[in-house]
Amino acid sequence: MSTEVLSAPVRVTDANHTELQDAHEPDFALESLTEEELAFLKGQTGIQDDNGLKEHITNIQSDAMVVHPYGCIRHFVFTKLKISRLPAYRQMMKLAKERQGAVFLDIGCCFGNDVRKAVADGFPAQNAIGSDLHPEFWQLGQRLFGILPEQDPVKFLPGDALNTAFLEAVAPFSSPPTSPRPEISSLTTLNPLRGHVSAIHASAFFHLFDEVGQLELARSLAGLLSPEPGSIIFGAHNGQAEKGVLKGPSLHITTKNMFCHSPGSWVAMWDGVVFEKGKVKANAFLFALKEEEVNLGQGNSDQFHQLVWSVVRL
């Protein structure tokens, strides 16, 4: 799972996003990767030498920190295969096989490692889309994986998910949209995809917004989702046992607190607020991370939790 919240302090940035700073610079070790993760990185980058791969990854991370120093970049979380570890990943890949022209959107994709993992596992590249506020991250991802921009099979759409010109909330579709599915290659915003997206992945993303922003984002994504049964939105982000503000001091955060949903409040938001009650099946659970997994440091032994979730059209 992603370990987006690490040590602090935190600085507030635009669009309610948070920037995470650490007291120390972590080192990257190939030993931290699973065999599957190491094989994926070597296969995607084409670099088989361990020292060469480590240097390549470290250089990319260093350049990315200049763009925006998110905690997940600082701690090399982009080298982890997050999406394929989520329970809902099987449902997404099932759609890729069974639904002709199924569209997959990875929102807040950063370097694009998750969408490229899905493509490597069989999701058609021409129907896969990555989107992020910072296009520089996608460009760094192309460098990471040795992909020439003009030869990239995956569509990337830069934009702010809270900008209505890029992604405007509409009511979830109860029947197929009357407009035909747009050509993925022609897209410049997400709005033409309303009602046409079969699967949406959003990890380490919702917790970057306050409660109002999270609800607005959920409504916007719901409007993109296809009304066909089995269409799915899923991901993982920071959560806690009781809905509310995660106080900064407990994570050594000094300038901004973070709003976190509980599994119950997250499910209730999707099933009854975003979607009409009973139109989706929403699941969520907390996954506890140990102190050493999130590097809280300074003697803080409190457990930190990831909210792992999915929302499926019935």
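- In the nomenclature of an unreviewed UniProt entry, the protein chain is known as Methyltransferase domain-containing protein of Wolfiporia cocos.
- Annotation of the protein chain in UniProt includes, under Pathway (unreviewed entry), the sentence "Secondary metabolite biosynthesis."
- According to the UniProt record, the Sequence similarities (unreviewed entry) comment for the protein chain reads "Belongs to the class I-like SAM-binding methyltransferase superfamily."

**Some details on the overall build of the protein chain**
And step 1. When helices and strands are tallied, the protein chain shows nine helices and eleven strands.
And step 2. Taking all 314 residues of the protein chain together, 55% fall into the buried category.
And step 3. Sequence-distant contacts in the protein chain: of pairs separated by 6 or more residues, those separated by 24 or more amount to 71%.
And step 4. Of the accessible surface of the protein chain, which amounts to about 13300 Å², a share of 50% is contributed by carbon and sulfur atoms.

**Structural notes on the side chain of Gln214**
And step 1. Relative to the helices and strands, Gln214 resides in helix H7 (residues 211-224).
And step 2. A distance of 3.3 Å separates the side chain of Gln214 from the backbone oxygen of Phe259, its partner in a polar contact.
And step 3. For Gln214, the contacting residues outside a window of four places in its chain are Phe206, His207, Phe209, Phe259, His261 and Trp266.

**Notes on the pattern of salt bridges**
And step 1. Inspection of the entire model under this criterion finds 13 salt bridges.
And step 2. Residue Asp27 is joined to Lys54 by a salt bridge in which the shortest nitrogen-to-oxygen separation is 3.8 Å. With Asp27 in the loop between strand S2 (18-20) and helix H1 (35-45) and Lys54 in helix H2 (residues 50-67), the pair connects residues that are 27 residues apart, well separated along the chain.
And step 3. Between Lys117 and Asp121 there is a salt bridge, with its nearest N and O atoms 3.3 Å apart.
And step 4. Each of Glu36, Lys117 and Asp121 takes part in a single network of salt bridges with overlapping partners.

**Overview of the packing of H2 against helix H6 (residues 135-144)**
And step 1. Running from N to C, H2 and H6 point in directions that differ by 170 degrees, and their axes come no closer than 10 Å. By the angle between their directions, the pair H2 and H6 is classed as roughly antiparallel. On the side of H2, the interface is formed by His56, Ile57, Ile60, Asp63, Ala64 and Val67, while H6 contributes Glu136, Phe137, Leu140, Arg143 and Leu144.
And step 2. Grouping the amino acids of the contact of H2 with H6 by side-chain chemistry returns seven nonpolar, one polar and three charged.

**Describing unusual backbone geometry**
And step 1. Its identity as a non-glycine residue notwithstanding, Cys110 has a phi of 55 degrees, on the positive side.
And step 2. Looking at where Cys110 falls in the secondary structure, it is placed in the loop between strand S3 (104-107) and helix H5 (113-120).
And step 3. Take Cys110: its relative accessible area is 14%, and that puts it in the buried class.
And step 4. Positive phi, close to 50 degrees, is recorded for Ala204, a residue that is not glycine.
And step 5. By the element assignment, Ala204 lies in the loop between strand S6 (199-201) and H7.
And step 6. Look at Ala204 and you get buried, because its relative accessible area is 14%.

**Focus on the confidence of the model for the protein chain**
And step 1. The predicted model of the protein chain averages 86 in pLDDT, with 84% of residues at 70 or higher.
And step 2. Segment residues 1-24 is flagged for pLDDT under 50; beyond a separation of four residues in sequence, or across chains, it makes 98 contacts in the model.
And step 3. Across residues 249-255, where pLDDT falls below 50, the model places 24 contacts with residues more than four positions away in sequence or in other chains.

Definitions and limits used
- Residues numbered from 1 in each chain as written.
- Predicted model: local features only at pLDDT ≥ 70, side-chain atom pairs only at ≥ 80, totals over all residues.
- Heavy atoms only, no water.
- UniProt positions renumbered as here; feature names shortened; annotations may be inferred.
- Helix = DSSP H or I, 4+ residues; strand = E, 2+ residues; numbered from the N terminus.
- Buried < 20%, exposed > 50% of the residue type's maximum accessible area, 1.4 Å probe, protein only.
- Contact = heavy atoms within 4.5 Å.
- Areas by Shrake-Rupley, 256 points an atom, 1.4 Å probe, with all protein chains shown as cover.
- Polar contact = N/O pair within 3.5 Å; in protein donor to acceptor, adjacent residues only side chain to side chain.
- Salt bridge = Lys/Arg side-chain N within 4 Å of Asp/Glu carboxyl O.
- Axes fitted to C-alpha atoms, helices over the stretch in contact; angles between N-to-C directions.
- Parallel < 35°, antiparallel > 145°, perpendicular 65-115°, else oblique.
- Nonpolar A, V, L, I, M, F, W, Y, C, P; charged D, E, K, R; others polar.
- pLDDT = per-residue confidence, 0-100.

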